[in-house]
Amino acid sequence: MSWDQVWIDINIATMDPTSTIPYGAITQGAMAIKEGKIAWIGERKDLPKFDTLSTPIYRGKGGWITPGIIDAHTHLVFAGNRAHEFEQRLEGMSYEDIALAGGGILSTVNACREASEAELFELGRQRLNALAREGVTTVEIKSGYGLDTETELKLLRVARALGEHHHIDVKTTFLGAHAIATEYQGRADDYIDLVINDMLPKVIKDNLADAVDVFCEHIAFNHAQTKQVLTAAKAAGLNIKLHAEQLSNLGGSAMAAKLGALSVDHIEFISEESIKVLSQYGTCATLLPGAYYSLRETQLPPIALLRQYKIPMVVASDYNPGSSPICSSLLMLNMSCILFKLTPEEALQGMTINAAKALGIADNVGSLEIGKVADFCLWDINTPAQLAYTYGVNACQQVVKSGRVIPQKDR
């Protein structure tokens, strides 16, 4: 048997969705890698004979291996900060009040329009490094802080460049319909025309996006405007997703699911009828506990209903300068359990296999199965539940990306 590397003395949380064992766990396991993919996985006692002299052998010292962490919803490329808005919220202003007063997304837009690509790249690189230290191997990055064609393209170019120069895989999402640009206040339909007829064709021409997103909310875009953008994106062959039901129930989730959305995100105010539609169309529900925490929200997403209808629940950081200024994917595991009452297994599913589904890449990553890409982490833990149980002492011992062991200095 010829392999590129073999891992032994490990326990494995495969997160295999077909397994009936919690975490898809294999105790006293082993795993073999060939050409960047998993070639064999199972109990150590069943490991086939191989050339131990020519094959690198890695010993996990009884630790746990999980799939690489996937953060499926971030706004990681931005300039400036909104610490003053943090103070305003502490003094009683709501996220909605700040946005209507010209703050919020629009304040970050001004900073991003002024920033150079080099500045944005360096800021994004530092943030990716922070996620890499926590075992993140794939991240989604949205645009949406440009709100004009030039800056939206700039943000997406930076996100693409980050993926080319970092071991973390970057999936990019065009979120031109994030807010109504200052120049288009009172003319939302005209701005949507700009998104569809000017921005989107140029994004497609330069191959800058894997998906398209919209903020469907009464402070952003209505049901009809949202549908226009998502329909145009689908017609162009791009995946779609949606910021939906964060502040109110506009029914955007059901509409997006019927159009084939991979995920609907936030969904604190989603109705049972809309959840039934998600179930029918196989759409994921992305939970963003960092935003819930930072905004001190009180409306919880309907976790019991999501479980009842077997909706794949995704957990993501929503890292952004306003509503979730928390650059930590691991903290989201803990928050989703404490705030949303997910089980530790559900939380880890939300940042592995379900996150992969939400990005349309579950055939390749998100669980540890033969034939999938060898993206995984070795953790100094006694049980996978420890990843959600504690925070602050990073237990990530090793990261492997596409079969390559990532040096400690690079994460």
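Residues numbered from 1 in each chain as written. Predicted model: local features only at pLDDT ≥ 70, side-chain atom pairs only at ≥ 80, totals over all residues. Heavy atoms only, no water.

An unreviewed UniProt entry annotates the chain as Imidazolonepropionase of Shewanella surugensis. UniProt annotates the chain under Subcellular location (unreviewed entry) with the comment "Cytoplasm". In its Function (unreviewed entry) section, the UniProt entry covering the chain states "Catalyzes the hydrolytic cleavage of the carbon-nitrogen bond in imidazolone-5-propanoate to yield N-formimidoyl-L-glutamate. It is the third step in the universal histidine degradation pathway." (UniProt positions renumbered as here; feature names shortened; annotations may be inferred.)

Chemist: Explanation requested: the pattern of salt bridges in the structure shown.
Modeler: Between side chains of opposite charge, a pair can form when the charged atoms approach closely. Per the counting criterion, the structure on display carries 20 salt bridges. When the shortest N-O distance is used, the salt bridge between Glu183 and Arg113 registers 2.7 Å. In this pair, Glu183 sits in the loop between strand S8 (169-177) and helix H6 (188-205) while Arg113 sits in helix H3 (residues 105-114), placing the two residues 70 residues apart along the sequence. Of the charged contacts in the structure, one is a salt bridge between Lys401 and Asp375, with a shortest N-O distance of 2.5 Å. Taken together, the residues Lys401 in strand S15 (residues 396-401) and Asp375 in the loop between helix H14 (353-358) and strand S14 (376-379) connect sequence positions 26 residues apart. Overall, Asp375 belongs to the buried group, its relative accessible area being 4%. Members of the salt-bridge network, linked through shared partners, are Asp9, Arg44 and Arg59. (Salt bridge = Lys/Arg side-chain N within 4 Å of Asp/Glu carboxyl O. Helix = DSSP H or I, 4+ residues; strand = E, 2+ residues; numbered from the N terminus. Buried < 20%, exposed > 50% of the residue type's maximum accessible area, 1.4 Å probe, protein only.)

Chemist: Hey, could you run me through the packing of aromatic side chains in this one?
Modeler: The geometry of an aromatic ring pair comes down to the distance between the two centres and the angle between the two planes. Counted according to the given criterion, the structure contains 8 aromatic pairs. Aromatic pair Tyr184 and Tyr191: ring centres 5.5 Å apart, planes at 65°, arrangement edge-to-face. Residue classification places Tyr191 among the buried residues on the basis of a relative accessible area of 0%. Here the aromatic rings of Tyr191 and Phe221 are separated by 6.0 Å at their centres, their planes lie at 15°, and the arrangement is stacked. Of the two residues, Tyr191 is situated in helix H6 and Phe221 in the loop between strand S9 (211-216) and helix H7 (223-235); the sequence distance between them amounts to 30 residues. (Phe/Tyr/Trp six-rings, centres within 6.5 Å; stacked < 30°, edge-to-face > 60°.)

Chemist: Hey, could you run me through the packing of helix H4 (residues 117-132) against helix H5 (residues 149-165) in this one?
Modeler: How two helices pack is summed up by the angle between their axes together with the distance between the axes. Relative to each other, H4 and H5 sit at 50°, their axes nearing to 9 Å. By the criterion of interaxial angle, the relationship of H4 to H5 is oblique. Considering the relative orientation of H4 and H5, their crossing is right-handed. Touching Glu117, Leu120, Phe121, Gly124, Arg125 and Leu128 of H4 are Lys154, Leu155, Arg157, Val158, Ala161, Leu162 and His165, all from H5. In terms of residue class, the contact of H4 with H5 is built from 7 nonpolar, 2 polar and 4 charged. (Axes fitted to C-alpha atoms, helices over the stretch in contact; angles between N-to-C directions. Parallel < 35°, antiparallel > 145°, perpendicular 65-115°, else oblique. Left-handed = near helix turned anticlockwise from the far one by under 90°. Contact = heavy atoms within 4.5 Å. Nonpolar A, V, L, I, M, F, W, Y, C, P; charged D, E, K, R; others polar.)

Chemist: Explanation requested: empty space enclosed by the protein in the structure shown.
Modeler: One simple way to see leftover space: roll a probe sized like a water molecule over the atoms. For the coordinates displayed, the defined rule picks out 2 cavities of 30 Å³ or more. One number sums up the size of the largest cavity: a volume of about 100 Å³. Surrounding the largest cavity, 13 residues form its lining, His75, Tyr95, His178, Asn320 and Ser323 being those nearest its centre. Per-class residue counts for the lining of the largest cavity are 4 nonpolar, 7 polar and 2 charged. (1 Å grid on protein atoms, 1.4 Å probe; cavity = no way out; pocket = protein on both sides within 12 Å on 5 of 7 lines; lining within 4 Å. Points joined across faces, edges and corners; volume = space filled by probe spheres on them.)

Chemist: Any chance you could explain the UniProt feature "binding site: Zn(2+)" (unreviewed entry) in the chain here in plain terms?
Modeler: With numbering matched to this structure, UniProt assigns "binding site: Zn(2+)" (unreviewed entry) to His73, His75, His243 and Asp318. A stretch of 246 residues holds the annotated residues, and the largest C-alpha distance among them is 12.3 Å, short enough that they meet in one place. If you take the residues mentioned a moment ago, the ones lining the largest cavity come down to His75, His243 and Asp318. Take His73: it is sitting in the loop between strand S6 (69-71) and helix H1 (83-90). Look at His73 and you get buried, because its relative accessible area is 0%. The contacts of His73, once residues within four sequence positions are left out, are Glu140, Lys142, His243, Asp265, Thr286, Leu288, Ala316, Ser317, Asp318 and Tyr319. Mapped onto the elements, Asp318 comes out in the loop between strand S13 (313-315) and helix H12 (329-340). Non-local contacts of Asp318, meaning those with residues more than four positions away in its chain, are made with His73, Thr74, His75, His266, Leu288, Ala291, Ser323 and Ser324.

Chemist: When you look at the layout of surface pockets in this model, what are you seeing that I'm missing?
Modeler: A volume near 410 Å³ is recorded for the largest pocket. As for the largest pocket, its lining consists of 19 residues, of which Pro17, Pro312, Gln349, Asn354 and Lys357 are closest to the centre. When contributions to the lining of the largest pocket are tallied by element, the ones reaching two or more residues are helix H11 (303-308), helix H13 (344-350) and H14. Grouping the constituent residues of the lining of the largest pocket by class yields 9 nonpolar, 4 polar and 6 charged.

Chemist: Help me understand the pairing of strand S7 (residues 136-142), please; the structure alone is not making it clear to me.
Modeler: On a regular strand, one side chain projects to one face of the sheet and the next to the other, so that they alternate. When you tally the buried positions in S7, you get 7 out of 7 residues, the bulk of the element. Relative to S7, S6 runs parallel, the two sharing 3 bridges. What sits directly across from Ile70, in S7, is Thr138. Judged from the 5 bridges that link them, S7 and S8 form a sheet pairing that is parallel. Within the sheet, the bridge partner assigned to Glu140 lies in S8 and is Lys171. (Pairing = 2+ DSSP bridges.)

Chemist: Got a minute to help me understand the sheet that holds S7 in this structure?
Modeler: One key point about sheets: their strands pair by backbone hydrogen bonds, in either a parallel or an antiparallel sense. If you trace the 8 strands from one edge of the open sheet to the other, you get S6-S7-S8-S9-S10-S11-S12-S13, paired in parallel fashion. Edge positions in the open sheet fall to S6 and S13, since each of these has one partner strand only. Here the average twist between neighbouring strands, direction ignored, is 25°. Packed onto the sheet, H6 meets S8 and S9 and runs at close to 150° relative to S8.

Chemist: Any chance you could explain the pairing of S9 here in plain terms?
Modeler: Extensive coverage of S9 is indicated by the burial of 6 of its 6 residues. Summarising the sheet, S8 and S9 pair through 3 bridges and their orientation is parallel. Residue pairing across strands places Phe174 opposite Val212, the latter belonging to S9. Relative to strand S10 (residues 239-244), S9 runs parallel, the two being bridged by 4 bridges.

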